[in-house]
Amino acid sequence: MTQKIEIAPSILSADFAYLAREIAKAEKGGADLIHLDIMDGHFVPNMTIGPLVVASIRKATQLPLDAHLMIEHPDRYLDKFIEAGVDWLSVHVEADTHLDRTLNFLRAEKIRAGVAINPGTALSSLDEILPLADFVLIMTVNPGFGGQKFIPSTLKKIRRLRETIVSNGYQTRIEVDGGIGANNLRDILGAGAEIIVMGSATFKSKDGTSQAVRQMKTICEQYMKNPDSV
Ligand code: DX5
Ligand code: ZN
């Protein structure tokens, strides 16, 4: 199995008063994309940013922007986020009644189309749309907040999704999000995850953001060279 592993620091744990500076630190450490958590206070009990802020972030970095929409009726806002300059976009399977339409629309707009799935939602809910998804975002915590504890049962879910993708010959990639850090990164890579979102482990690291991202990249590189060595 060849995996292209990418690190996606989540700005949810950054200092929002200094976003450009915070993102530059992540970029310096070797971040592959910047993860943006969009919350509406309905689908999840927290609120964050909308297209206006995303458009400003777009000007602050060359890195691809990965928008994770934790909002109800995400289909109503796709245009706005595309206009704001996102490159990857995921909607929740629990929030979008017409996923087939959404994913086809995103792909037609040349946006990487993703489906996010909560820890309590069965993988089988993705069966019909898996071939249409560029990536699946497996939530490894219940969405809404940074700094939560990784839910161990999600490891099996990552592994099962990897098996389904491989056995069907799909191109779908696996992104994971929540409670991930140096302590469990190896297990998560071993289960088959390829795009790793990290909020508190990067932006709140005591070693500083650049150093923390660099450390995660090193673990990933070691894993890619020799999966048994890490
Ligand atoms: C949670 C968000 C995550 C969050 C992860 O709902 O989707 O992207 O920033 O934060 P950590 O890595 O601290 O769990
Ligand atoms: Zn997220």
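Data block above holds the structure.
What you see is a predicted model, and the numbers here were worked out from it, not measured in a lab. (Residues numbered from 1 in each chain as written. Chains lettered and ligands numbered in written order. Predicted model: local features only at pLDDT ≥ 70, side-chain atom pairs only at ≥ 80, totals over all residues. Heavy atoms only, no water.)

Engineer: Is there a simple way to think about the environment of Arg186 in this case?
Structural biologist: Looking at where Arg186 falls in the secondary structure, it is placed in helix H6 (residues 185-191). Overall, Arg186 belongs to the partly exposed group, its relative accessible area being 33%. Arg186 sits 139 residues away from Met47 along the chain, and the two C-alpha atoms are 31 Å apart. One polar contact links the side chain of Arg186 to the main-chain carbonyl oxygen of Ala182, over a distance of 3.2 Å. (Helix = DSSP H or I, 4+ residues; strand = E, 2+ residues; numbered from the N terminus. Buried < 20%, exposed > 50% of the residue type's maximum accessible area, 1.4 Å probe, protein only. Polar contact = N/O pair within 3.5 Å; in protein donor to acceptor, adjacent residues only side chain to side chain.)

Engineer: Is there a simple way to explain unusual backbone geometry in this structure?
Structural biologist: Excluding glycine, residues mostly have negative phi values, and the peptide bonds linking residues are mostly trans. Phi angles above zero are rare outside glycine, and His73 is one such case at about 50 degrees. As for its placement among the helices and strands, His73 is situated in the loop between strand E3 (65-70) and helix H3 (78-84). Phi is positive for Lys110, close to 65 degrees, though the residue is something other than glycine. Summarising the element assignment, Lys110 is placed in the loop between helix H4 (99-108) and strand E5 (112-117). The exposure class assigned to Lys110 is exposed, which follows from its relative accessible area of 74%.

Engineer: Can you help me understand the coordination of the zinc ion (ligand 2) in this one?
Structural biologist: A four-donor tetrahedral metal ideally has 109.5 degree angles, and a six-donor octahedral metal ideally has angles of 90 or 180 degrees. Surrounding the zinc ion (ligand 2) are the protein donor atoms His35 (NE2), Asp37 (OD), His68 (ND1) and Asp177 (OD), at 2.0 to 2.3 Å. Considering all six donor atoms around the zinc ion (ligand 2), angles at the metal cover 70 to 167 degrees and the coordination shape is octahedral. The sequence motif formed by the donor residues of the zinc ion (ligand 2) is H-x1-D-x30-H-x108-D. One end of the pair, His68, is in strand E3; the other, Asp177, is in strand E7 (residues 173-177), and 109 residues separate them in sequence. Here His68 falls in the buried class, since its relative accessible area comes to 0%. Judged by relative accessible area, Asp177 falls into the buried class, the value being 9%. (Donors = N, O, S within 2.8 Å, 3.2 Å for Na, K, Ca; no water. Tetrahedral: all angles 85-135°; square planar, octahedral: opposite > 155°, others 65-115°.)

Engineer: For this particular structure, what's the right way to read the nonpolar core?
Structural biologist: Side chains that are nonpolar tend, in soluble globular proteins, to be buried together. Counting residues in hydrophobic clusters, the biggest one holds 64 residues, and the most contacted among them are Ile11 and Ile196. When sequence neighbours within four positions are dropped, the list of residues in contact with Ile11 reads Phe16, Leu19, Ile23, Ile34, His35, Leu36, Ile49, Ile57 and Phe203. Core analysis: the next-biggest nonpolar cluster, separate from the first, contains six residues, Leu33, Trp88, Phe135 and Val197 among them. (Core = buried A, V, L, I, M, F, W, Y, C linked by side-chain atoms within 4.5 Å. Contact = heavy atoms within 4.5 Å.)

Engineer: Before we go on, may I ask you to explain the site of ligand 1 in this structure?
Structural biologist: Within the structure, ligand 1 sits among 20 residues, and Ser10, Gly144, Asp177, Gly179 and Ser200 are positioned closest to it. One nitrogen or oxygen atom from the side chain of Asp177 is found 2.7 Å from an oxygen atom belonging to ligand 1. Ranked by residue count, the leading element in the shell around ligand 1 is strand E2 (residues 34-39), at three residues. Split by residue class, the shell around ligand 1 holds eight nonpolar, ten polar and two charged. (Near = heavy atom within 4 Å. Nonpolar A, V, L, I, M, F, W, Y, C, P; charged D, E, K, R; others polar.)

Engineer: I would appreciate a short explanation of the packing of helix H1 (residues 19-28) against helix H8 (residues 209-225) in the present structure.
Structural biologist: Helix-helix packing is described using two parameters, namely the angle between the two axes and the distance between the axes. Contact geometry for H1 and H8: axes closest at 7 Å, N-to-C directions at 35 degrees. Classified by chirality, the crossing of H8 by H1 is right-handed. Every residue of H8 that contacts H1 at Lys25, Ala26 and Lys28 is listed here: Thr209, Ser210, Val213 and Arg214. Of the residues belonging to the contact of H1 with H8, the class tally is two nonpolar, two polar and three charged. (Axes fitted to C-alpha atoms, helices over the stretch in contact; angles between N-to-C directions. Left-handed = near helix turned anticlockwise from the far one by under 90°.)

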